[in-house]
Amino acid sequence: METSTTLIGLFLILLTALPIFLLLRTQHKNKSKIETILKQFNQGNSKEFNLRESLNNKIIAFNEMKKKLVLIDLNIKPEIVTYVDLNEISNSKIIREMEHFDGSKSTKEFITKVEILLHNKKNQQDETLKFYDYEYEKPIQLNYFRDNQLAEKWLEIINKVI
């Protein structure tokens, strides 16, 4: 009787501890991957990116002293990393792409992309920071709403720096 109770107890402990262990391991791998990417863009010192924010597997890091911005999108494998030197940017604006669907009674608008468009004053080209894309993110309206708020917040920060 005692052996079977012990085995059942060990099985239940393993059943609850294994998912927690896997979650912690995944978080550690993502954190070390992010630190490696930030070190790559700042000569080995990721701590200079003093303003950081993450939402929906997107990490935005900003170095206020050097005016450098990094957007890491972990929703796609391999991840998309966008690096921008804000010293070279002349203006910025937010772009929302929409699709129209004709229903039986009315036409509905559906947001498919939210991006910040940055105009480079040196080479006169545009760079984009993609915050929401219906193609590869889960089509949940809440994700769009949060990503849109994040894009508007960072547009304000970018405009203050420019």
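Here the structure is a predicted model, which means the values were calculated and not measured. For every chain, the first residue of the written sequence is number 1, and numbering continues from 1 along that sequence. The predicted origin of the model limits local features to residues at a pLDDT of at least 70 and limits the giving and counting of side-chain atom pairs to 80 or more, whereas totals for whole chains, interfaces and linings rest on all residues. Calculation of side-chain values draws on the structure's entire complement of heavy atoms; hydrogens and water are dropped beforehand.

Student: I would appreciate a short explanation of the nonpolar core in the present structure.
Tutor: The nonpolar side chains of soluble globular proteins are, as a tendency, buried together. As used here, the term nonpolar core means buried Ala, Val, Leu, Ile, Met, Phe, Trp, Tyr and Cys residues forming a set that is joined through side-chain atoms within 4.5 Å. Three exposure classes are used, based on accessible area relative to the maximum for each residue type with a 1.4 Å probe and protein chains only: buried under 20%, partly exposed in between, and exposed over 50%. Ranked by internal contacts, the top residues of the largest apolar core, which has 21 residues, are Ile116, Leu129, Phe131 and Trp154. Helix and strand definitions follow DSSP, with helices as H or I runs of at least four residues and strands as E runs of at least two, each counted in order from the N terminus. Contributions of two or more residues to this core are made by β2 (58-63), β3 (68-73), β6 (107-120), β7 (126-133) and α2 (141-161). Element by element, the count of residues in this core is highest for α2, at seven residues. Contact between two residues is taken to exist if any of their heavy atoms lie within 4.5 Å; hydrogens are not considered. Setting aside its immediate chain neighbours within four residues, tryptophan 154 contacts Leu51, Glu53, Ile60, Phe62, Leu69, Ile116 and Phe131. Judged by nonpolar contacts, the second largest core, of nine residues, contains Ile34, Ile59, Val70 and Leu74.

Student: When you look at the sheet that holds strand β4 (residues 80-85) in this model, what are you seeing that I'm missing?
Tutor: One key point about sheets: their strands pair by backbone hydrogen bonds, in either a parallel or an antiparallel sense. Spatially, four strands are ordered β1-β2-β3-β4 in an open sheet, and the strand pairing comes out antiparallel. Of all strands in the sheet, those with a lone pairing partner are β1 (51-55) and β4, marking the two edges. Averaged over neighbouring strand pairs, the angle between their axes works out to 10° when direction is ignored. Relative to β3, β2 runs antiparallel, the two being bridged by six bridges. Residue pairing in the sheet places phenylalanine 62 in a bridge with leucine 69 of β3. Where helices are involved, their axes are fitted lines through C-alpha atoms of the stretch in contact, as for all axes, and angles between N-to-C directions lie from 0 to 180°. Across the sheet, helix α1 (residues 2-40) touches β1, β2, β3 and β4, and the angle it forms with β3 is around 145°. Strand pairing follows a simple DSSP-based rule, namely that at least 2 bridges must link the two strands.

Student: Teacher, can you tell me more about unusual backbone geometry here?
Tutor: The phi dihedral of lysine 67 is positive, around 60°, even though this residue is not glycine. Here lysine 67 lies in the loop between β2 and β3.

Student: Honestly, the sheet that holds β7 in this entry has me stumped. Any pointers?
Tutor: Read from one edge to the other, the open sheet built from three strands follows the order β5-β6-β7, with strand pairing classed as antiparallel. Since the sheet does not close on itself, it has two edges, and those belong to β5 (89-102) and β7, each with one partner. Recorded for the sheet is a direction-independent mean angle of 25° between the axes of neighbouring strands. Relative to β6, β5 is paired through 13 bridges, and the arrangement is antiparallel. Its bridge partner lying in β6, methionine 98 is registered against isoleucine 111.

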